[in-house]
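Commentary on secondary and tertiary structure
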Amino acid sequence: MSSQSQINSIEDIFDSSLNLEETHFKEGYNEGYSQGLMSGKEEAEQTGLRMGFEIGEELGFYRGCVDVWNSAIRVEPTQFSTRLKETIKKMEDLIEKYPVLDPEDERVNEIMDSLRLKFRVIRAGLGVKLEYDGYPKPKDIEF
């Protein structure tokens, strides 16, 4: 074996030893990235399901209130002021306008804020203590 090939062989051994750390770093990074991507997708899915359920539940509550108020208006129309009837109609329109199938619609927060405000106005106009408390959280449940 020539001295040049021995030098090249020794350099190859050192190069592979020096590149070992970089190789392990790249492998670790790629593995961590893949696992983080999977974990992030799972967490995002669970968060999306939870948030979707909570919004749907709140919309359902408001829909139920509007239906009850509209039934009461049909039975005793004189018990509701014109302004209150208009606010109930506006609330009903907002519920219908809510983009249930497009949660990324930019109007989602604006519509929910308007619904909550109109609900408070109607509640005050009727003089009733009615609140949407949301789904009970685990800490709120007692056995």
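Analysis parameters
- Residues numbered from 1 in each chain as written.
- Predicted model: local features only at pLDDT ≥ 70, side-chain atom pairs only at ≥ 80, totals over all residues.
- Heavy atoms only, no water.
- Helix = DSSP H or I, 4+ residues; strand = E, 2+ residues; numbered from the N terminus.
- Buried < 20%, exposed > 50% of the residue type's maximum accessible area, 1.4 Å probe, protein only.
- Contact = heavy atoms within 4.5 Å.
- Expected span 1.5 Å × (residues − 1).
- Arc of directions from axis to C-beta.
- Phe/Tyr/Trp six-rings, centres within 6.5 Å; stacked < 30°, edge-to-face > 60°.
- Polar contact = N/O pair within 3.5 Å; in protein donor to acceptor, adjacent residues only side chain to side chain.
- Salt bridge = Lys/Arg side-chain N within 4 Å of Asp/Glu carboxyl O.
- Core = buried A, V, L, I, M, F, W, Y, C linked by side-chain atoms within 4.5 Å.
- UniProt positions renumbered as here; feature names shortened; annotations may be inferred.
- Patch = residues over 30% accessible without salt bridge, like charges linked within 9 Å, V, L, I, M, F, W, Y side chains within 5 Å.
- Areas by Shrake-Rupley, 256 points an atom, 1.4 Å probe, with all protein chains shown as cover.

From N to C terminus, the chain includes 3 helices and 0 strands. The buried share of the chain, taken over its 143 residues, is 17%. Once local pairs closer than 6 in sequence are excluded, the contacts in the chain between residues at least 24 apart make up 62%.

What follows concerns helix H3 (residues 108–126). End to end, H3 covers 27 Å across 19 residues, agreeing with the expected 27 Å (1.5 Å per residue, within 8%). Those residues of H3 lying buried are Val108, Ile111, Met112, Leu115, Phe119 and Ile122. Each buried residue of H3 sits inside an arc of 95 degrees when the element is viewed along its axis, so together they form one side. Away from the buried face of H3 by more than 90 degrees, exposed residues Asn109, Glu110, Ala124 and Gly125 are located. Of the residues trailing H3, Gly127 is marked for its positive phi of about 70 degrees.

Moving on, we get to the packing of aromatic side chains. Tallied over the full model, the rule gives 4 aromatic pairs. Chaining the aromatic ring pairs together yields one cluster made of Phe61, Tyr62, Trp69 and Phe119.

Once that is clear, we can look at the side chain of Asp105. On the secondary structure map, Asp105 appears in the loop between helix H2 (82–97) and H3. With a relative accessible area of 18%, Asp105 lands in the buried category. Polar contacts involving the side chain of Asp105 include one to the main-chain amide nitrogen of Arg107, which spans 2.8 Å.

We now examine the pattern of salt bridges. As enumerated under the stated definition, the model contains 8 salt bridges in all. For Arg50, the salt bridge is made with Glu54, and the minimal N-O distance between the two is 3.7 Å. Of the two residues, Arg50 and Glu54 are both situated in helix H1 (residues 3–75); the distance of 4 residues between them amounts to about one turn of the helix. For Glu54, a relative accessible area of 27% gives the class partly exposed.

Further remarks concern the nonpolar core. In this structure, Tyr62, Trp69, Ile88, Met91 and Leu115 are the most contacted members of the largest nonpolar core, which totals 19 residues. Those elements giving two or more residues to this core turn out to be H1, H2 and H3.

Turning our eyes to something else, we now look at the UniProt feature "domain: Essential protein Yae1 N-terminal" (unreviewed entry) in the chain. When the UniProt feature table is mapped onto this chain numbering, "domain: Essential protein Yae1 N-terminal" (unreviewed entry) sits at residues 28–66. Between the C-alpha atoms that bound residues 28–66 there is a distance of 56 Å. The span itself is 100% helix and 0% strand.

Here we come to a nonpolar patch on the surface. Taken together, the side chains of Phe25, Tyr29, Tyr33 and Leu37 make up a nonpolar region of the molecular surface, amounting to roughly 500 Å² of accessible area. Considering the arrangement of structural elements, one finds Tyr29 in helix H1.

With that settled, the discussion passes to H2. With 16 residues, H2 extends 22 Å between its outermost C-alpha atoms, agreeing within 8% with the 22 Å of an ideal straight helix rising 1.5 Å per residue. Inspection of H2 places Leu84, Thr87, Ile88, Met91, Glu92, Leu94 and Ile95 among the buried residues, and these make up the whole buried set. Angular distribution of buried residues about the axis of H2 spans 160 degrees; they occupy a single face of the element. Away from its buried face by more than 90 degrees, H2 exposes Thr82, Arg83 and Glu96.

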